[in-house]
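# Reading the structure
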Amino acid sequence: MIALKLAFRGMRANRRIYVPNLIATALLVAVNYIILAVTANQSIHHLLFGKQLVTLLHLTFELTIIITVAFLVYVSSTTARSEAHEFRVYTLLGLAPLNKRLIIVIRQTCVTVGALGLGLLLGLNFERFVFMALARILGIPHFHAPFLGGPLVKCGVIFIIISGGLILFRLFYHPSGKSKGQPTNRLPWLGGIAGILATATGYYLSMTSKPGMDTIPTFMLINVLVIAGMYGCFIAGSILVLNLLQHNRRLYYHRRRFIIISGLRQRMRQNGASLAGICVMVTSVLLSMIAVVSLMAGEHSLIRLWNPEDVITATAKPFSPAQRQIIRQTAHRHHLAVTDYQQSVMTAPIMGNLTKNGQFTPTKPRYQVAFVPVDEYNRVTHTHYQLRDNQALVYCPDNQLHLTALTVNQHHFTVTHRLKRYPLFYDYQHAIYQPVFVILSSRKQCAQTSRTPWLYTTFFNTDGKKRDKVRFADDLQARLHLTNEEYTAKYQQGPLLATLFGGALFIGIIVSIVFITVTVMLIYYKQLAEGLQDRARFQTLFQLGLSARETQRIVRTQVLTVFLLPLAGALLNTCFAFPAMRSMLKLFSIYNGKMILLVSLITAGLIGIGYALIYLLTARNYYAIIHDHRINGTSDW
C-alpha cells in the first residue's frame, strides 16, 4: 500500500520531529496516568483533608490536560509546516487526496500508539516509586497502592480522543511551505514602552508588598502585569532595542555585528511570543518550586509556632481542678503522662499594623499584639525584669520588628529590650498575622492598653507513643468541650500540614515536570525552525567568503543570546518576586527569610544547569542544520 510506505518514509525523513514528539508525548501520558492513579487511591481519600487534596489533584489533572493539548496542537502545526513541501510534491506526482489523508492518519496513529504504549509503561513502572515517595511526604505509615484498571483505561481514552482531534486538525490545516513568522510590529516603541511599564509596575508592587489580607489579590495582579510585560518586552521591546542598535552606524556596520544584530532582529520578530512564553513557564517553575519547597522546609518551624507544646488551650477562665483532673484521667486512659504543665495569662490579641516608629493602627493589619504582665513573664522565664508604666519589652518570632518605641490606643511606651525568647508564645487561632507579645508593668496597664478581655492559656506536653498522643488530642478536646479557637494540639496539626504541604509539593513537582517537558520541546522545535530559516542565509554568506570559524562564532552568539533571554528574564522575575513570595509565605507563618533565600538559590541553580544542558543539545542541532548540505529537498527538516 503506497500510503503506508510513504507514511513511514516521511516519518524517517522527519525523525527530528517525530522522535522528540513521541518521547515528550509519552512523558505527558505517564504524568497524567500517575495523577489519575494517585487520585483514585483510597488511602488519599481517608487522609485528614484528603478530599481537599483530591480536589487539587483533579484541578492539576485538568491543567496538565490543557497544557498537553496546547503543546500537541503546536507540535502538530509545526509538523504540518515541515511536511508542506512533501505533500506539494505528492500533489504534483498525482497522488490521490484520499492517500494523502491516509498518510496523515497513519502517522498520527503511529505516534499515538507508540506514545501511549511507552507512556503507560513508564507510568506503571514508576507508579510504585511515586506512591512510596508520596507516602513519605504525607507521613502515611501504611499506604496501599493496588493496581487499578480505571486510571489506565481513562488515560488511554483521553489521549485517543486528543489524537482524533489532532487528526482532524491536520486534515483541515493547510500551511504554506515556508514559515512567515510573526507579523512585523510597525510601532515597536509603543508596545515596548507598554511592556516595560507593565513589568516595572509589577516589580514595584512586589517590592512594596506586605503580608496581609490583600497579599493574595496583589500577588495575582503582579502575575498579570509581569506576564503581559514580558510579552510586550520580548515582542516589541526587543525590536525597539535592536532598532536603536541598528541606527548606531559605528556599532552596526561591522562584519560580524551586522549579521548578529540583523539575525537577532529577524528572530525576535518571528519568535518573540514563543520566547516570552518560555520565560513565563520557566518563571512559573521557579516560583512554584520555591513556594512548595519553602513550605515543606518551614513545616517544623510552623508547627513550633502554632504549638510550642503538645497541647495549648486559650480560655476565658483558668482551668478548674475538675478540668485538670479530666486532663490527667484522659492521659492515663491513653497510656500517657502529662509533663511541663504551665498556665499563663495574656490579653486577647488585637489586630493591626505597626509602623517603623512603633505606632499601632487598626488599618491594614499585619500583626496580632497581645499584652502580658511583667510578673507573669518573670514567673515563666525565671527572670527579674522591672518595668515602669511607660516601659515595655517586645517579643516577635519574625525577628524583623525593630522597635524602640510603641504607641497603642494613645498609650506611649519606650521599648527597653527586644526579647529573643518567650517559651509560652504561640500563634493565637493560627491567624495569618504575625504574633507580637508586649510585656508591660502590670495587669492594670495591660488591660487599659489592650481594651480586650483576658485569656488564660494552658501549655503541657505528653510522654508516650505517637499513636496514643493522636487519640488523646482528639479525645481531650471532646471531654473538655473546647472549640477549635480554644484548643490546639501538635499531633492534630502535624497530619494536617503534612497533607496540605506534602500535597502541594507533589502537585508542584507534577506541574513542574509538565512545564519543563513542554518548555524543552518548545525550545527544541524553535531551534530547528530557526536553523532551517537561517540555513539559506548562512549558505549565501559562505559563498560571499564568510569562514566556518566566523560562522560558528556568529551562530554561537545568536543562539546563546536568544536562548539565554528567557532564562535571564525568569531569573530577573524571580528576584523581584522574592519580596512578594516572602509576604505570601508569611501568611503561612513562614518567617525564615534566610531559608527561603537558600531554597531560591538552590532551585535557580538547578534550573540553570538544566537550561544549560538544553542549550548544548539544541545549539548542536542548530549548527548541524546550518552546515547540512546533504538535504535532498524531500523535507524541510
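Please read all numbers here as calculations on a predicted model, not as lab measurements. (Residues numbered from 1 in each chain as written. Predicted model: local features only at pLDDT ≥ 70, side-chain atom pairs only at ≥ 80, totals over all residues. Heavy atoms only, no water.)

## Quick look at the overall build of the protein
Check the secondary structure of the protein and you find 19 helices and eleven strands. In the protein, which comprises 637 residues, the share counted as buried stands at 52%. Across the protein, every contact between residues at least 6 apart in sequence was considered, and the portion connecting residues at least 24 apart equals 83%. A total accessible area of about 30,900 Å² is found for the protein, and carbon and sulfur atoms account for 64% of it. (Helix = DSSP H or I, 4+ residues; strand = E, 2+ residues; numbered from the N terminus. Buried < 20%, exposed > 50% of the residue type's maximum accessible area, 1.4 Å probe, protein only. Contact = heavy atoms within 4.5 Å. Areas by Shrake-Rupley, 256 points an atom, 1.4 Å probe, with all protein chains shown as cover.)

## Regarding the sheet that holds strand 7 (residues 405–408)
Taken together, seven strands build an open sheet; the order of strands is 4-3-5-9-6-8-7 and the sheet is mixed. The strands lining the two open edges of the sheet, one partner per strand, are strand 4 (360–361) and strand 7. Here strand 5 (residues 367–373) runs beside strand 9 (residues 434–440); their pairing, made up of seven bridges, is parallel. What sits directly across from Val372, in strand 9, is Ile439. Helix-sheet contacts for helix 14 (residues 374–381) involve strand 5, strand 8 (411–419) and strand 9, and the interaxial angle to strand 5 is about 85°. (Pairing = 2+ DSSP bridges. Axes fitted to C-alpha atoms, helices over the stretch in contact; angles between N-to-C directions.)

## Concerning helix 12 (residues 299–306)
Buried within helix 12 we find Glu299, Leu302, Ile303, Leu305 and Trp306. The arc that holds the buried residues of helix 12, viewed along the axis, is 160°, so those residues lie on one side. The exposed residues of helix 12 that point more than 90 degrees off its buried face are His300 and Arg304. (Arc of directions from axis to C-beta.)

## Brief notes about the environment of Arg582
Take Arg582: it is sitting in helix 18 (residues 548–586). The class for Arg582 is buried, based on a relative accessible area of 19%. Distance from Arg582 to Ser294, taken between C-alpha atoms, is 9.6 Å for residues 288 residues apart in sequence.

## So, the confidence of the model for the protein
Put simply, the protein has an average pLDDT of 79, and 82% of its residues get 70 or more. A low-confidence stretch, residues 177–184 (pLDDT under 50), is modelled with twelve contacts involving residues beyond four sequence positions or located in other chains. (pLDDT = per-residue confidence, 0-100.)

## Things to note about the environment of Thr458
Looking at the secondary structure, you find Thr458 in strand 10 (residues 454–463). Taking C-alpha positions, Thr458 is 4.4 Å from Gln343, a pair spaced 115 residues apart along the chain. Excluding anything up to four places from it in sequence, Thr458 contacts Val311, Ile312, Thr313, Phe319, Tyr341, Gln342 and Gln343. Within the structure, Thr458 has its side chain in polar contact with the side chain of Gln343 (distance 3.1 Å). (Polar contact = N/O pair within 3.5 Å; in protein donor to acceptor, adjacent residues only side chain to side chain.)

## Here we look at the nonpolar core
Nonpolar side chains tend toward joint burial in soluble globular proteins. Residues Val38, Phe71, Val282 and Phe506 are the most contacted members of the largest nonpolar core, which totals 59 residues. Looking at this core, the elements with two or more residues in it are helix 2 (15–40), helix 4 (50–82), helix 6 (97–138), helix 7 (149–172), helix 11 (255–297), helix 17 (490–543), helix 18 and helix 19 (593–626). Counting residues per element, this core draws most heavily on helix 17, at 14 residues. In this structure, Phe506 is in contact with Ile34, Val38, Leu57, Val130 and Leu134, ignoring residues within four places of it in sequence. Counting residues in each nonpolar core, the second largest holds 52 residues, with Ile303, Val374, Phe501 and Met595 among its members. (Core = buried A, V, L, I, M, F, W, Y, C linked by side-chain atoms within 4.5 Å.)

## What to know about the sheet that holds strand 2 (residues 337–347)
Pairing within the open sheet is antiparallel, and its four strands lie in the order 2-10-1-11. Two strands close off the open sheet at either side, each with one partner strand: strand 2 and strand 11 (487–489). Here the strands of the sheet are splayed against their neighbours by 15° on average, with no regard to which way each runs. The pairing of strand 1 (residues 311–315) with strand 10 spans five bridges and is antiparallel. Bridge pairing links Ile312 to Phe459 in strand 10.

## Considerations on the packing of aromatic side chains
Counted under the stated rule, the structure contains five aromatic pairs. Here Tyr203 and Phe576 contribute two aromatic rings whose centre-to-centre distance is 4.1 Å and whose plane-to-plane angle is 5°, an arrangement assigned as stacked. Residue Tyr203 is located in helix 8 (residues 188–207), and its partner Phe576 is located in helix 18; the two are separated by 373 residues in the primary sequence. Judged by its relative accessible area of 10%, Tyr203 is buried. Three or more aromatic residues link up through ring pairs in this structure, and these residues are Tyr341, Phe460 and Phe472. Sitting above the plane of the Trp454 ring, Arg443 keeps its charged end 5.5 Å from the centroid. (Phe/Tyr/Trp six-rings, centres within 6.5 Å; stacked < 30°, edge-to-face > 60°. Lys NZ or Arg CZ within 6 Å of the ring centre and 35° of its normal.)

## With respect to the side chain of Thr315
On the secondary structure map, Thr315 appears in strand 1. Reaching out from Thr315, the side chain makes a polar contact with the backbone oxygen of Lys317 at a distance of 2.6 Å. Contact partners of Thr315, with chain neighbours within four places excluded, come to Trp454, Leu455, Tyr456 and Leu482.

## Considerations on the pattern of salt bridges
A full pass over the atoms with the stated rule returns eight salt bridges. With a shortest N-O distance of 3.8 Å, Lys490 and Asp310 are connected by a salt bridge. Placement of the pair is Lys490 in helix 17 and Asp310 in the loop between helix 12 and strand 1, with a sequence separation of 180 residues. (Salt bridge = Lys/Arg side-chain N within 4 Å of Asp/Glu carboxyl O.)

## So, the pairing of strand 5
Regular strands place their side chains on alternate faces of the sheet. By the criterion of burial, strand 5 is predominantly enclosed, with seven of the seven residues buried. Going residue by residue along strand 5, you find Tyr367, Val369, Phe371 and Pro373 tucked away on one face and Gln368, Ala370 and Val372 tucked away on the opposite face as well. Bridge count for strand 3 (residues 350–354) against strand 5 is three bridges, and the pairing is antiparallel. Bridge assignment links Gly352 to a residue of strand 5, and that residue is Tyr367.

## Topic: the side chain of Thr330
Note on placement: Thr330 falls in helix 13 (residues 321–333). Here Thr330 falls in the buried class, since its relative accessible area comes to 2%. Not counting residues within four places of it along the chain, the set of residues in contact with Thr330 comprises Phe472, Asp475, Leu476 and Arg479.

## Description of unusual backbone geometry
If you check the backbone angles, His335 has positive phi at about 60° while not being a glycine. In this structure, His335 sits in the loop between helix 13 and strand 2. With a relative accessible area of 63%, His335 lands in the exposed category. Positive phi, close to 65°, is recorded for Arg451, a residue that is not glycine. With respect to the helices and strands, Arg451 occurs in the loop between helix 15 (443–450) and strand 10.

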